[in-house]
Amino acid sequence: MNLVDFYLLAALLAFFWPDPGVAQELIYPIREELQENILIGNIPKDLNISRTNAATGMTANLVYRLVSKAGDKPLLRVLSSTGEIYTTSNRIDRERLCPGPSYEENECSFEIEVVILPNDYFRLIKIKIIVKDTNDNAPMFPSPVINISIPENTLINSRFAIPSATDPDTGFNSVQHYKLVNGQSAFGLDIVETPEGEKWPQLIVQQNLDREQKDTYVMKVKVEDGGSPQKSSTAILQVTVTDVNDNKPVFKENQIEVHIPENAPVGTSVVQLQATDADVGANADVRYVFGAQVSLAAKRLFALNSTSGLITVQRPLDREEVAIHKLSVMASDGTSSPAKATVTINVTDVNDNPPNIDLRYIINPINGTVFLSEKDPINTKIALITVSDKDTDVNGKVICFIERDVPFHLKAVYDNQYLLETSSLLDYEGTKEYNFKIVASDSGKPSLNQTALVRVKLEDENDNPPIFSQPVIELVVMENNKRGSFLTTISAADEDSGKNAEIVYQLGPNASFFDLDRKTGVLTASRIFDREEQERFLFTVTARDNGTPPLQSQAAVIVTVQDENDNSPKFTHNHFQFFVSENLPKYSTVGVITVTDADAGENAAVTLSILSHNENFILDPYSGVIKSNVSFDREQQSSYTFDVRAEDNGRPPSYSAAKVTINVIDVNDNTPVVIYPPSNTSFKLVPLSAIPGSVVAEVFALDGDTGMNAELKYTIVNGNNKGLFRIDPVTGNITLEEKPALTDIGLHRLVVNISDLGYPKSLHTLIMVFLYVNDTVGNVTYVHDLIQQTMETPLDRNIGESNETYQSRDYLTIMIAIVTGAMVVIVVIFFTVLVRCRHASRFKAAQRKKQGAEWMSPNQESKQNKKRKRKKRKSPKSSLLNFVTIGETKPDDPVHEPINGTISLPAELEEPGIGRFDWSAVPTTTFKPGSPDLARHYKSASPQSAFHLKADTPVSVKKHHVVQELPLDNTFVGGCDTLSKRSSTSSDHFSASECSSQGGVKTRAPMHSRQVQVVEYTCNGFREPRIETGKDT
């Protein structure tokens, strides 16, 4: 053996060394011929096998399986659940199991292999069954008649061999005794035991024989075994007495042993026997024959030349069948006493037998094929392989291996047994079938091999889910399709086979618009698509196989619906109404038209246009922005209406139309216009007899704006420091708060503020209302002079505080009246009443001077200063305020030049909620030309309210500075048809019916009717007193 062979052998021995943890042995002795279902042993009990895996700690139900060869009739069976071993209906016959002579009682046995499953608990149990003999066979002679020839001159006690009987049983059950029946006292029987334990019977001559007297003896030989019950048999022994032959043949060697190879060819000489006879002539001729104990099989293998005594090979020898042949050869010269020699032929081994492979499957094959599941774990046991070689020594040493690279290997459990098991995980999808050879090779020279084909087919397990060719399936379809129209075929593949590869398709949720064939995967539309309702569908498709358990996978399906021009453009409103502020600059944005098209792409691209030719507005065809091409003036035109058209870019295009109205929102850009009183120089007589609550004067104005911008509020801001009068903030009626006293006689100037309720800042106008408190007006011109003189007094002061000129005049008048009254009684009475009125007026003026000094008037000067002022009768130039003198001059008189001044009213005179007046602003004139301009005395400012229709619509804000100037004559400005009738006393002839203006004048609140005696004075003279009922319309 070279070095390479040595290393190879060492590697193989290391690989196939038995694993004591896997292989175990049991020995059970039994008797042959046992009945069926006899318990022989309990494997788990006898080996103390636990159901708990020591490595994992898991407990499992163990399965015990007998490993048997296909086609064998097992002598034993093993219960799979308990591991108990029982006999079967196949009889255990020791003589059949162990044919041939047997000298040891316990040498007959057979083996079975049992495996313990599952794979995690695998064990191989080799069970040796020793079959003990039972006396089931009787000893038998080779022939029922035995013939022996004995010479007549044979000496007493001479022995002659009788063919021995054979018994297949062993031990005491084999041949034990021979008996001679009816020996006639001439013969006896003796038994000689050989070293091998054989018992040979010998016939003993007990008396002299005489052929002439008796030449034949017939007897019986009985043979018995030692069994219980004892069995026996008999044969007829016939002894023939022959004539005298003095010498018998003699072998040179009685015991001859030879060796011959088993491959010796036919005709090969085995041994040359030689026997001699001292006789001469015919008595010296020796003939050779096989003894009666030589079996027929031996006689077939070897030939004996009867003349020469040469033994030759007659048929091919086989050491594996019989290794030793014992031949008894008889040499006879024709007499009854032949010579006997024993020839032992040892057949030597020649490597003429290939190894034998005994393949017994643990997993039962079907038609020679083992079926494994691809999910079986590594080291799954497939078969138990037992190799053997009939040859001996080196020729009988066998190694075993797998011929090719497969996921299987051999694991040695004993010196001649291997387990075939898996070496890696199996994959049906990779390889479905394995065909490989197991090779057994001996160590002879040359080596002989034997192969066994193993065929393994894998059974598919459902270990692969269906796989879609595309995980995301995208489809594009047109809307307005037909029901049932084909969309696509959805397919998935499964690498498994059989039912595991049968795929069923199913739609997921949100797929109510679609139908899917469960087997073919054909996807169709179950409804008509409308892109405007739903443009995109997203759902899943499930592919499920029919395996156990079933596996599935999903794919996403995205269906996009393409648009058709099946929708016309749609305006968000059929009639768009926009509100813009007047005075909006040209090209300003006044509104945005919104139009939608439910289609998509070019079908949804909309172009806008104005249907009728309209130069007042510009419409952007794409954005829908409307811009003004004119400047708005609500007073000229309050709304604009036109039609617009929307057209998409579809083929063919679709149309729609809508109406647009632009409403001009009023801006507070008009100050209140005073209608009554008609001028700033008119006055009203308030008699001392007037009762509180009676209407003594009225103020009425109109506003050219609308809404809240035209709502007016009347307040007295100066001249009513004694609280004698009150003005209704809504109607403008001035009423008495308390009955006039003597101190109230004289001229009263009330400064009335007329303001609108515009937002964010109102506009207002100031007017002067003169009230003359007295019973009568003796001289109207005198009152007008007083009015002219009050023009020099700033509006934030009372007319009695700036100068005492008016008081001095009153005193002078009283003096003249007293002198004149002394002359005429009637005149005296008249002037007496007048004096009393003057005293009351003076007292009232003094009171007024004291009260007004707290917030407006300067400190009272000394009497000397008063006298100087009376002399001067002019307004001091150093006054903090500028004054305006208003006379009865014509409007175009150059005297009427405006003199600007600033008036600051005290906080208590300011109207709550209106704010302080901005006297510094220069108002625009709201009276017609020719009227006195009160703007020279006071100013007002109010920003225009801003109305924002859109975030991008600019609104210009104007500040209007308006101060009302009243005409001197009996005129009134405003678009009124008539003025409402009212009861009043005025220095001017005035009576007008109810009027209405564009701005809309609210109906004045009704006033309680009361009878008032009114004495009306005019510039022309005196009128008779009259009784009127004053009502406010």
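Please read all numbers here as calculations on a predicted model, not as lab measurements.

Rules of the game
- Residues numbered from 1 in each chain as written.
- Predicted model: local features only at pLDDT ≥ 70, side-chain atom pairs only at ≥ 80, totals over all residues.
- Heavy atoms only, no water.
- Disulfide = S-S within 2.5 Å.
- Helix = DSSP H or I, 4+ residues; strand = E, 2+ residues; numbered from the N terminus.
- Pairing = 2+ DSSP bridges.
- Axes fitted to C-alpha atoms, helices over the stretch in contact; angles between N-to-C directions.
- Phe/Tyr/Trp six-rings, centres within 6.5 Å; stacked < 30°, edge-to-face > 60°.
- Buried < 20%, exposed > 50% of the residue type's maximum accessible area, 1.4 Å probe, protein only.
- Polar contact = N/O pair within 3.5 Å; in protein donor to acceptor, adjacent residues only side chain to side chain.
- Core = buried A, V, L, I, M, F, W, Y, C linked by side-chain atoms within 4.5 Å.
- Contact = heavy atoms within 4.5 Å.
- Salt bridge = Lys/Arg side-chain N within 4 Å of Asp/Glu carboxyl O.
- pLDDT = per-residue confidence, 0-100.

Visitor: Give a description of the state of the cysteines that names residues and reports values.
Guide: Counted under the stated rule, the structure contains 1 disulfide. The disulfide bridge from C98 ends at C108, spanning 1.9 Å between sulfur atoms. Looking along the S-S bond of the C98-C108 disulfide, the torsion reads about 90°, which is the right-handed sense. Of this pair, C98 sits in the loop between helix 3 (94-97) and strand 6 (109-117) while C108 is found in the loop between helix 3 and strand 6, placing the two residues 10 residues apart along the sequence.

Visitor: Describe the sheet that holds strand 2 (residues 39-42), listing the residues and the values that go with them.
Guide: Pairing within the open sheet is antiparallel, and its 3 strands lie in the order 2-5-4. The open sheet terminates on both sides in strands that have one partner only, identified here as strand 2 and strand 4 (76-78). The sheet shows a mean angle of 20° between the axes of neighbouring strands, direction not considered. The sheet contact formed by strand 2 and strand 5 (residues 84-87) spans 3 bridges and is antiparallel. Looking at strand 5, one finds that N42 is bridged to E84.

Visitor: Residues and numbers for the packing of aromatic side chains, please.
Guide: A complete count under the given rule lists 17 aromatic pairs for this structure. When the ring of F141 is compared with that of Y178, the centres are 5.9 Å apart and the planes differ by 55°; the resulting orientation is tilted. Residue F141 is located in the loop between strand 7 (123-132) and strand 8 (145-151), and its partner Y178 is located in strand 10 (residues 175-181); the two are separated by 37 residues in the primary sequence. When its relative accessible area of 9% is taken as the criterion, F141 is described as buried.

Visitor: Residues and numbers for helix 5 (residues 780-790), please.
Guide: Counting buried positions along helix 5 gives 9 out of 11 residues, so the element sits mostly inside the fold. Among the residues making up helix 5, those that are buried are V780, Y782, V783, H784, L786, I787, Q788, Q789 and T790. Measuring from the side-chain oxygen of the N-cap residue of helix 5 to the backbone nitrogen of T781 gives 3.0 Å; that N-cap residue is N779.

Visitor: Outline the nonpolar core, listing residues and values.
Guide: By size, the foremost hydrophobic cluster in this structure holds 30 residues, and its most contacted members are F725, I734, I754, V769 and L771. When contributions to this core are tallied by element, the ones reaching two or more residues are strand 50 (673-676), strand 52 (695-698), strand 53 (700-702), strand 54 (712-718), strand 55 (725-727), strand 56 (733-736), strand 57 (746-756) and strand 58 (764-773). Setting aside chain neighbours within four positions, we find V769 in contact with P677, A697, V699, I734, H748, R749, L750 and V752.

Visitor: Explain the sheet that holds strand 57 to me, and be specific about the residues and the numbers.
Guide: An order of 51-58-57-54 is seen for the 4 strands of this open sheet, with the pairing classed as mixed. At either margin of the open sheet sits one strand with a lone partner, and together these are strand 51 (683-686) and strand 54. Going from strand to strand, the sheet's axes swing by 35° on average, the running direction of each strand aside.

Visitor: Explain the pattern of salt bridges to me, and be specific about the residues and the numbers.
Guide: In this structure the tally under the stated criterion is 22 salt bridges. With a closest N to O distance of 3.2 Å, K381 and E421 form a salt bridge. Placement of the pair is K381 in strand 26 (residues 381-388) and E421 in strand 29 (residues 417-422), with a sequence separation of 40 residues. Linked by salt bridges that have partners in common, R531, E532, E535 and D563 make up one network.

Visitor: Could you give me a rundown of the environment of S762, with the residues and numbers involved?
Guide: Within the secondary structure layout, S762 lies in the loop between strand 57 and strand 58. The sequence separation of S762 and T671 amounts to 91 residues, and the corresponding C-alpha distance is 8.6 Å.

Visitor: Now, about unusual backbone geometry: what can you tell me, with residues and values included?
Guide: S228 connects to P229 through a cis peptide bond whose omega is 0°. Examined against the element boundaries, P229 turns out to sit in the loop between strand 13 (216-225) and strand 14 (232-242). Look at the link from K445 to P446: it is a cis peptide, with omega at 0°. Along the chain, the position of P446 falls in the loop between strand 30 (433-442) and strand 31 (449-459). One non-glycine residue, E33, lies in positive phi territory at about 65°. When you line up the elements, E33 lands in the loop between strand 1 (23-31) and strand 2. Positive phi, normally seen in glycine, also occurs at N510, with a value near 65°. With respect to the helices and strands, N510 occurs in the loop between strand 36 (503-507) and strand 37 (514-516).

Visitor: Go over the confidence of the model for the protein, please, and point to the residues and values.
Guide: Counting all residues, the mean pLDDT for the protein is 77, and 75% of those residues have values of 70 or more. Here residues 802-808 scores under 50 on pLDDT; set against residues more than four positions off or in separate chains, the count is 15 contacts. Between residues 851-1033, whose pLDDT stays under 50, and residues either more than four places distant or in other chains, the model counts 437 contacts.

Visitor: Help me get a handle on the side chain of T681, residues and values and all.
Guide: Inspection of the secondary structure assignment puts T681 in the loop between strand 50 and strand 51. Among the polar contacts made by the side chain of T681, one reaches the side chain of S679 at a distance of 3.5 Å.

Visitor: Give me the environment of I260: which residues, what numbers.
Guide: Looking at the secondary structure, you find I260 in strand 16 (residues 255-261). I260 sits in the buried class, given a relative accessible area of 5%. C-alpha of I260 to C-alpha of I345: the two residues are 85 residues apart in sequence and 7.1 Å apart in space. Among residues more than four places away in sequence, those in contact with I260 are T268, V270, V313, L317, I345, N346, V347 and T348.

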